[in-house]
Amino acid sequence: MGDHSHGSPEESGTVAKADDVAQDRFPDPGLPPHRPRLADRDPRAAKRHERQVALLFTISIIGTLFFFVAYFVLGRLGEMTFAELRVQNAALGLGTAFAMLGIGVGIVHWAKTLMPDHELVEQRHEISSEKDRQDAVDIIDTVIEETGIKRRPLIRNTLIGAIALAPIPAIFMFRDLDRTGKTAHQMIEQMRHTLWDTGVRLTRDPSGTPIKASDVQLGSAFHVIPEGLENAENMLNEKAKAVVLLMRMDPQEMNISEGREDWHVDGIVAYSKICTHVGCPIALYEQHTHHLLCPCHQSTFDLANECKVIFGPAGHALPQLPITVDADGYLVAQSDFHEPVGPSYWERG
Amino acid sequence: MATTNEYTPSTTTGRLANFVDSRVGASGMVKEFGRKIFPDHWSFMFGEVALYTFVLLLLSGTFLTFFFDPSMTHITYNGSYVPLKGIGMSAAMASTMDISFDVRGGLFMRQVHHWSALLFVASLSVHMLRVFFTGAFRRPRELNWVVGGVLLIMGLAAGFTGYSLPDDLLSGNGLRIIDGVMKALPIVGTYLSMFFFGGEFPGVHVIPRLYSLHIMIVPAVIILLLVIHLFMVVTHKHTQYPGPGRTNDNVVGFPVGPVYAAKAGGFFFIVFGIVAFISGLFQINPIWNYGPYDPSPVSAGTQPDWYIGFVDGALRLMPGYLGNFSFEWIIPFPWGDNTLVLSVLLPALVPAGVLFMVMFAWPWIERWVTKDNREHHLLDRPRNAPFRTAMGAAGVVFYCVMWAAASSDLIATHFHVALNDVTYWLRILFFLGPIFAFWITRRICLSLQRKDREIVLHGREAGIIQMSPEGGFSEKHEEVDVYKRFLLTSYNDNKYIPAQPDAAGHVSGSEKRRAALSKFFFEDRVAPVTPSELEAAHAAHGHHEVEGEKQDSIEK
Ligand code: HEM
Ligand code: FES
């Protein structure tokens, strides 16, 4: 143990090493004796290893050649079936694998069998010596002293002020990451609205054909988008808010709260398809239990109870779209949703 | 520099080296590194795997950039994959389709990139576990532990941003979840989401932004941290496992040139070969099966990349309601109601936050509890630090429960149990699992230590049954050699340190808490065998030998 390591580490800067516990301990017998390998004693074994390494390198060469075969012979641009593509991909992979493994295994085998396997010992040194650290601190002190910054608080304080302010414009530069050009208030308003409005027809997703009330059988479910969605300015943005699930169940089985009595058409109800947890589309409708299940984190909503959450992480019920039928018998929205769809946010209220 | 007696090399290599060195001055480097000693152990490989898979990511990723078009412009796909012909999608998705179907070897490169990414994060994680369980993070390596932790987080960031680039159904859905989580942040959440997506989700801006993060900013940060990380490894010199001849003041191992460099360099090709093999034979992220992003459809049973799983699982475990109480708090303010979305905030931030905070702070926590501020260059065998090993196991179980929860639907369908029951069980395990893991692991460590003591005191079973002249059977015990004995007795043994009064004779509250933790950690301990104990055992043993080794008789 070096003599640099006495004293308590808390008091001096000296570093104690973990070995410094002289106790009733067994003495270190030192490194075990080195056992020579076969190849160290037997030149024939060494020769054999040499040939093995060369063979591995040759396998690598063959692998690379195989890659070219796979690339040029198996691959014809643009006219391959998917199955052919898979074969080519596998062949490229195997070619590369052999090319690389040949080199890698060869080198490691070489190192293990033919290069010296004597373990060597090297001493560790202090990361930096006590003296160096002291010198460095002295230099820093001198530098600070020569700037005079401690004696001239006016300079120091204005400098701190300037440096603190200077980066702030760089942060504000990112204000226009939001490309809408709208005010915060306008954006929050926009989040509350979807393409649904009085008289907008419910149409099938993705064909866009309108739906008659008589098309909707008991127990069936439709994926619905508002009519005219494909012409909307930001189609995907609007779709991400407006998608709706349409289902029919026996009105006797539905618990309807006050104010929503006329939001359904003979048990045909429409609910937002965007999960109120973090926004996945709700894909599964179990018609026996009247449960809607979100595949992302398994929030489960009860259709018979206005899509209240009965299991999972969602924190509020799915918003209902009030619907009715128009003069031609097609299902239409009475209005937009009465609350924001999708995941909750601070301003939702 | 022409001096009177100039060094004149005699070999070709020498002349070449001399030419270069007299112009760039590399001989110092060669002197420093050429025969530097590196300890060798299989568990030191994981860091290397991480480095090599990162190199593969750089290589394959650079190839992909030549063909990938990070744009959300809506176009109609017209490539050679027939089932999607004529379908509208973003240019990003279409170009990823083209890489897969119309660039020869492109699919292979995508697969190499994706499989390397999975392996990269996996090897980072295992490497961290190795460092943790062997105590390699102790002084002077605490800062490098922190750098490693940040590297892991950056690895997750690289993976997530990359996963989102192809703009297929799954990646869009992942972004949808990120949007939901961002919006849950109080006050700033809505704005953050608007800034990130350039307006409402999904918008047309997010892919180009993810692209600059993915191919420039995150890799640059990773490279910077990597350089710092490796620089510190060289400065500290590598740790080594304890054993005869290995002390805290030396390094025992192979010199960089040639053995270590050959093994490490060869290993790069082996990792490359394995990744190429997997990429050739196992399909990953078949975006053509998912189709382009559309907010409406989603397929059940799809999984995020494995390293995102634990956050997704935490989201699944959280109940939205307890009875009639909703974790979405509506807070009435004078200007109106605001919503605090605890049902998303808690699971998204708290478990990952706790995990990473404890991980980052652990070197200092351990130092505080053990009052051990010495430099450690010798590793601990995990059994010889039962408290740490048990804490690590608790952390691993905590992580794995969340991770399993991300597959709760698959668990349910696979084992034919109700999905909700799986969730209930995992919720219980989330709290109790780590406690059990701590307790069991500590017990296992202590028993292993006791077994080590047994071996030193009474030798190891030689597998030879002897019959004594009296007819009793016994198994012959062979005394361990001095090398093995040193290995089994030379560990660093932490003891309970009761609360110490400070200079004024006062025992502070924090010191009392430290002492309580110290008691909790070190109350049960197994001390290493000392020479005097061994002597005593030998004396007793000699006596028994006369008795025909009855105490070891198999008739017992
Ligand atoms: C640092 C670690 C990195 C990780 C963990 C990572 C991960 C990923 C992942 C998971 C994907 C999705 C691949 C897929 O389509 O299945 C991806 C895509 C991509 N990455 Fe990386 N990547 C990394 C570094 C890089 C670098 C350094 C570059 C470029 C120099 C790059 C360029 C790309 C490109 C262009 C794509 C989109 C092409 C495609 O999806 O096929 N990546 N990345
Ligand atoms: S998004 Fe539906 S449960 Fe999470």
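No experiment lies behind these values; they were computed from the predicted model shown.

Colleague: How should I be thinking about the overall build of chain A in this particular structure?
Modeller: In terms of helices and strands, chain A carries eight helices and twelve strands. Here the C-alpha radius of gyration of chain A, 38 Å, is well above what a compact globule of 349 residues would show, namely 20 Å. Considering chain A as a whole, with its 349 residues, one finds that 42% of them fall into the buried category. Sequence separation of 24 or more characterises 56% of the internal contacts of chain A that already satisfy a separation of 6 or more.

Colleague: Before we go on, may I ask you to explain the domain arrangement of chain B in this structure?
Modeller: Accessible area lost when the parts come together is the quantity often used to give the size of an interface. Residue and element names in this part refer to chain B. By domain assignment, chain B separates into domain 1 (39–380) and domain 2 (381–494 + 526–556). Each partner contributes to the interface: domain 1 provides 33 residues, whereas domain 2 provides 31 residues. Interface area for domain 1 against domain 2, summed over the two sides, is near 2700 Å², with a carbon-plus-sulfur share of 67%. By the criterion of area lost to domain 2, the three top residues of domain 1 are F133, L317 and D380, representing 26% of everything that side buries. Connecting domain 1 to domain 2 are three salt bridges. For the salt bridge of E366 with R388, the shortest nitrogen-to-oxygen distance reads 2.8 Å. Elements with a contribution of two residues or more to the side of domain 1 that touches domain 2: α5 (106–133), α12 (309–317) and α13 (342–370). Broken down by element, the residue count for the side of domain 1 that touches domain 2 peaks at seven residues, all from α12. Residue classes in the side of domain 1 that touches domain 2 are distributed as 17 nonpolar, nine polar and seven charged.

Colleague: Honestly, the coordination of the iron atom of ligand 1 in this entry has me stumped. Any pointers?
Modeller: All names here are of chain B. The protein atoms that coordinate the iron atom of ligand 1 are H113 (NE2) and H214 (NE2), at distances of 1.9 to 2.0 Å. Because the angles between the six donor atoms bound to the iron atom of ligand 1 fall within 88 to 179 degrees, the donor set is best described as octahedral. Highlighted residues: H113 in helix α5 and H214 in helix α9 (residues 206–236), separated in sequence by 101 residues. Comparing H113 with H214, the two get one shared label, buried.

Colleague: For this particular structure, what's the right way to read the UniProt feature "transmembrane region" (unreviewed entry) in chain B?
Modeller: All names here are of chain B. UniProt feature "transmembrane region" (unreviewed entry): in the numbering of this structure it lies at residues 49–68, 117–137, 143–165, 210–234, 267–288, 340–365, 385–404 and 424–441. Within residues 143–165, the helical portion is 96% and the strand portion 0%, while the C-alpha atoms at the span's ends are 33 Å from each other. In residues 267–288, helix accounts for 77% and strand for 0%; the two terminal C-alpha atoms are 34 Å from one another.

Colleague: What is the right way to look at the UniProt feature "domain: Cytochrome b/b6 N-terminal region profile" (unreviewed entry) in chain B in this model?
Modeller: Following the UniProt record, one finds the feature "domain: Cytochrome b/b6 N-terminal region profile" (unreviewed entry) at residues 16–242 of chain B. Secondary structure within residues 16–242 of chain B divides into 68% helix and 4% strand; the distance between the first and last C-alpha atoms comes to 42 Å.

Colleague: Before we go on, may I ask you to explain the packing of aromatic side chains in this structure?
Modeller: For any pair of aromatic rings, the description consists of the separation of the ring centres together with the inter-plane angle of the planes. Scanning the entire structure with this criterion turns up 45 aromatic pairs over all chains. Look at F82(A) and F101(B): their rings are 5.8 Å apart centre to centre, the planes differ by 45 degrees, and that puts the pair in the tilted class. Note that F82(A) is positioned in helix α3 (residues 82–113) and F101(B) in helix α4 (residues 91–101), a pairing that runs across two chains. Aromatic pair F311(A) and Y424(B): ring centres 5.5 Å apart, planes at 85 degrees, arrangement edge-to-face. Of the two residues, F311(A) is situated in strand β9 (residues 308–311) and Y424(B) in helix α16 (residues 419–458); the pairing between them involves two chains. Taken together through their ring pairs, the aromatic side chains of F132(B), F133(B), F137(B), W145(B), W362(B), F387(B), F438(B), F520(B), F521(B) and F522(B) make up a single cluster. Its guanidinium or amino end placed over the ring of Y330(A), K212(A) lies 5.0 Å from that ring's centre, counting from NZ or CZ. Of note, R442(B) hangs over the ring of F520(B), and the distance from its end group to the ring centre comes to 5.4 Å.

Colleague: Could you clarify how one ought to interpret the site of ligand 1 in this entry?
Modeller: Residue and element names in this part refer to chain B. Around ligand 1, the structure places 25 residues, and the nearest of them are R110, H113, H114, H214 and N285. Between R110 and ligand 1, the recorded distance is 3.0 Å, taken from a side-chain N or O atom to an oxygen atom. Side-chain polar atom of H114 to an oxygen atom of ligand 1: 2.5 Å apart, as the coordinates give it. Elements that contribute at least two residues to the shell around ligand 1 include exactly α3 (45–65), α5, α6 (142–164) and α9. For the shell around ligand 1, the element with the highest residue contribution is α3, accounting for seven residues.

Colleague: Explain the state of the cysteines to me, please; I cannot follow it from the model alone.
Modeller: What is meant by a disulfide is a covalent connection between two cysteines, made through their sulfur atoms. The tally for this structure, following the rule as stated, stands at one disulfide over all chains. With its sulfur 1.9 Å from that of its partner, C280(A) forms a disulfide with C296(A). Its S-S torsion of about -80 degrees marks the bond between C280(A) and C296(A) as left-handed, since a negative value means left-handed. With a gap of 16 residues between them, C280(A) in the loop between β5 (268–272) and β6 (284–286) and C296(A) in the loop between β7 (291–293) and β8 (300–302) connect regions that are remote in the sequence. Its sulfur unpaired, C307(A) is 11 Å from the next cysteine sulfur, which belongs to C275(A). We note that C400(B) lacks a disulfide partner, and the nearest cysteine sulfur, in C445(B), lies 17 Å from it. According to the relative accessible area criterion, C400(B) is partly exposed, its value standing at 34%.

Colleague: How should I be thinking about empty space enclosed by the protein in this particular structure?
Modeller: Any empty space left between atoms is shown by rolling a water-sized probe over those atoms. Counting across every chain of the model gives six cavities of 30 Å³ or more. Estimates place the volume of the largest cavity at around 170 Å³. For the largest cavity, the lining is made up of 15 residues, of which K241(A), V341(A), R176(B), K183(B) and E200(B) are closest to its centre. Counting only elements with at least two residues in the lining of the largest cavity, the list comes to α8 (235–242) of chain A together with α7 (169–184) and α8 (189–197) of chain B. By residue class, the composition of the lining of the largest cavity is eight nonpolar, three polar and four charged. Empty space within the second largest cavity amounts to approximately 120 Å³. Forming the boundary of the second largest cavity are 15 residues, of which R138(B), E366(B), R367(B), T370(B) and D372(B) lie nearest the centre. With four residues, α13(B) is the single largest residue contributor to the lining of the second largest cavity. Looking at side-chain class alone, the lining of the second largest cavity contains two nonpolar, four polar and nine charged residues. Shared between two domains, the lining of the second largest cavity takes at least three residues from each, and those domains are domain 1 (39–380) and domain 2 (381–494 + 526–556) of chain B.

The rules behind the values
- Residues numbered from 1 in each chain as written.
- Chains lettered and ligands numbered in written order.
- Predicted model: local features only at pLDDT ≥ 70, side-chain atom pairs only at ≥ 80, totals over all residues.
- Heavy atoms only, no water.
- Helix = DSSP H or I, 4+ residues; strand = E, 2+ residues; numbered from the N terminus.
- Rg over C-alpha atoms; globule rule 2.2 N^0.38 Å.
- Buried < 20%, exposed > 50% of the residue type's maximum accessible area, 1.4 Å probe, protein only.
- Contact = heavy atoms within 4.5 Å.
- Domains from an automatic or database assignment.
- Buried area = accessible area lost by both parts, 1.4 Å probe.
- Salt bridge = Lys/Arg side-chain N within 4 Å of Asp/Glu carboxyl O.
- Nonpolar A, V, L, I, M, F, W, Y, C, P; charged D, E, K, R; others polar.
- Donors = N, O, S within 2.8 Å, 3.2 Å for Na, K, Ca; no water.
- Tetrahedral: all angles 85-135°; square planar, octahedral: opposite > 155°, others 65-115°.
- UniProt positions renumbered as here; feature names shortened; annotations may be inferred.
- Phe/Tyr/Trp six-rings, centres within 6.5 Å; stacked < 30°, edge-to-face > 60°.
- Lys NZ or Arg CZ within 6 Å of the ring centre and 35° of its normal.
- Near = heavy atom within 4 Å.
- Polar contact = N/O pair within 3.5 Å; in protein donor to acceptor, adjacent residues only side chain to side chain.
- Disulfide = S-S within 2.5 Å.
- 1 Å grid on protein atoms, 1.4 Å probe; cavity = no way out; pocket = protein on both sides within 12 Å on 5 of 7 lines; lining within 4 Å.
- Points joined across faces, edges and corners; volume = space filled by probe spheres on them.

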